[in-house]
Amino acid sequence: MKSNSQDAANIVWHPQLVTKKARNQSNGHKSMMIWFTGLSGSGKSTIANALQSELFKRGIQVYVLDGDNLRHGINTNLSFSMEDRKENIRRTAEVGKLFVDAGLVVLAALISPVEEERQRARSRFAEDEFLEVYVSCTLQECEKRDPKGLYKKARKGEIPQFTGIHQPYEEPKNPDICIDTTDRTVEQSMQIILPIILEKIAWKKGKQ
Ligand code: ADP
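Residues numbered from 1 in each chain as written. Predicted model: local features only at pLDDT ≥ 70, side-chain atom pairs only at ≥ 80, totals over all residues. Heavy atoms only, no water.

Peer 1: Just checking my understanding: could you explain helix H9 (residues 186-201) for this structure?
Peer 2: Think of an α-helix as 3.6 residues a turn; residues three or four steps apart then line up on the same face. Compared with the 22 Å implied by 1.5 Å per residue over 16 residues, the 22 Å span of H9 between its first and last C-alpha is a close match. Turning to H9, the residues buried within the fold contact strand E1 (32-37), helix H3 (44-57), strand E3 (105-109), strand E4 (130-136) and strand E5 (177-180). (Helix = DSSP H or I, 4+ residues; strand = E, 2+ residues; numbered from the N terminus. Expected span 1.5 Å × (residues − 1). Contact = heavy atoms within 4.5 Å.)

Peer 1: What is the right way to look at the pattern of salt bridges in this model?
Peer 2: By the definition in use, this model includes 18 salt bridges. A salt bridge links Lys-148 to Asp-68, with the nearest nitrogen and oxygen atoms 2.8 Å apart. You can see Lys-148 sitting in the loop between helix H7 (139-145) and helix H8 (150-155) and its partner Asp-68 sitting in helix H4 (residues 67-70), a full 80 residues away along the chain. A relative accessible area of 36% places Asp-68 in the partly exposed class. Glu-199 is paired through a salt bridge with Lys-204; the nearest N and O atoms lie 3.1 Å apart. You can call Lys-204 partly exposed: its relative accessible area is 34%. When salt bridges that share partners are traced, they join Glu-54, Lys-57 and Arg-58 into one network. (Salt bridge = Lys/Arg side-chain N within 4 Å of Asp/Glu carboxyl O. Buried < 20%, exposed > 50% of the residue type's maximum accessible area, 1.4 Å probe, protein only.)

Peer 1: Sorry, what's going on with the site of the ligand here?
Peer 2: Around the ligand sit 17 residues, and of these Gly-41, Lys-44, Ser-45, Thr-46 and Arg-184 come closest. Between the ligand and Ser-42, the relevant distance is 3.3 Å, taken from an oxygen atom to a main-chain nitrogen or oxygen of the residue. Side-chain polar atom of Ser-45 to an oxygen atom of the ligand: 2.8 Å apart, as the coordinates give it. Against a free-state accessible area of 570 Å², the protein chains account for coverage of 80% of the ligand. Counting only elements with at least two residues in the shell around the ligand, the list comes to H3 and H9. (Near = heavy atom within 4 Å. Polar contact = N/O pair within 3.5 Å; in protein donor to acceptor, adjacent residues only side chain to side chain. Areas by Shrake-Rupley, 256 points an atom, 1.4 Å probe, with all protein chains shown as cover.)

Peer 1: I keep staring at unusual backbone geometry and nothing clicks. Help me out?
Peer 2: A negative phi angle characterises most non-glycine residues, just as the trans form characterises most peptide bonds. Phi at Ser-112 takes a positive value of approximately 35°, unusual for a residue other than glycine. The residue Ser-112 is located in the loop between E3 and helix H6 (115-123) in this model. Of the residues examined, Ser-112 reaches a relative accessible area of 3% and is grouped as buried. Positive phi outside glycine occurs at Gln-161, with the angle close to 60°. Locating Gln-161 in the fold gives a position in the loop between H8 and E5. Note on Gln-161: relative accessible area 32%, which makes it partly exposed.

In structure tokens:
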């Protein structure tokens, strides 16, 4: 399914009359990709969803792109091989980029274990439009939580290629935000991240 460079060369980007800036201005906040990375069970989906509720309450256009949910649809044909994880991240970044263009704050929650792939995702956005949030948690604690019973299955050999057990997780080198959830409640994690995000998406008149 590789794209034909000859075909691509003949496809010209058609600019839209309603711009991202106009949408941001109308919404009263900036659109942005907020990319949550971390081990399975670290709390990415939980924090992204709690954050979504808080932002939604404040009238912010927000949407969660959850890695597991995407695998039910657009990414249904992808496995957990390194090659397919790469494609999973690429597609999520591209869908997220469209949503950001449409004026939304996008909260993407994916294990995204490889630094190079996360950097590639970041490279698809403007510098001030992408925030990497490292949801850090010890493997021991993730395994103890095991909210979906996946670690138990992985230990029994029922899930191959499980991050943290069979495949490495590369810690972000320079995340924009780091939340260690090992000894924190969801509420405490929210108290850290919510004010930072509200500040980042604030629409400052004359500054955009
Ligand atoms: P992930 O999306 O990273 O795989 P989930 O959000 O699905 O992880 O699951 C995380 C689990 O850990 C949930 O059961 C959640 O209630 C629990 N948890 C405990 N403390 C925290 C915290 N500080 N932040 C987020 N989740 C937490």
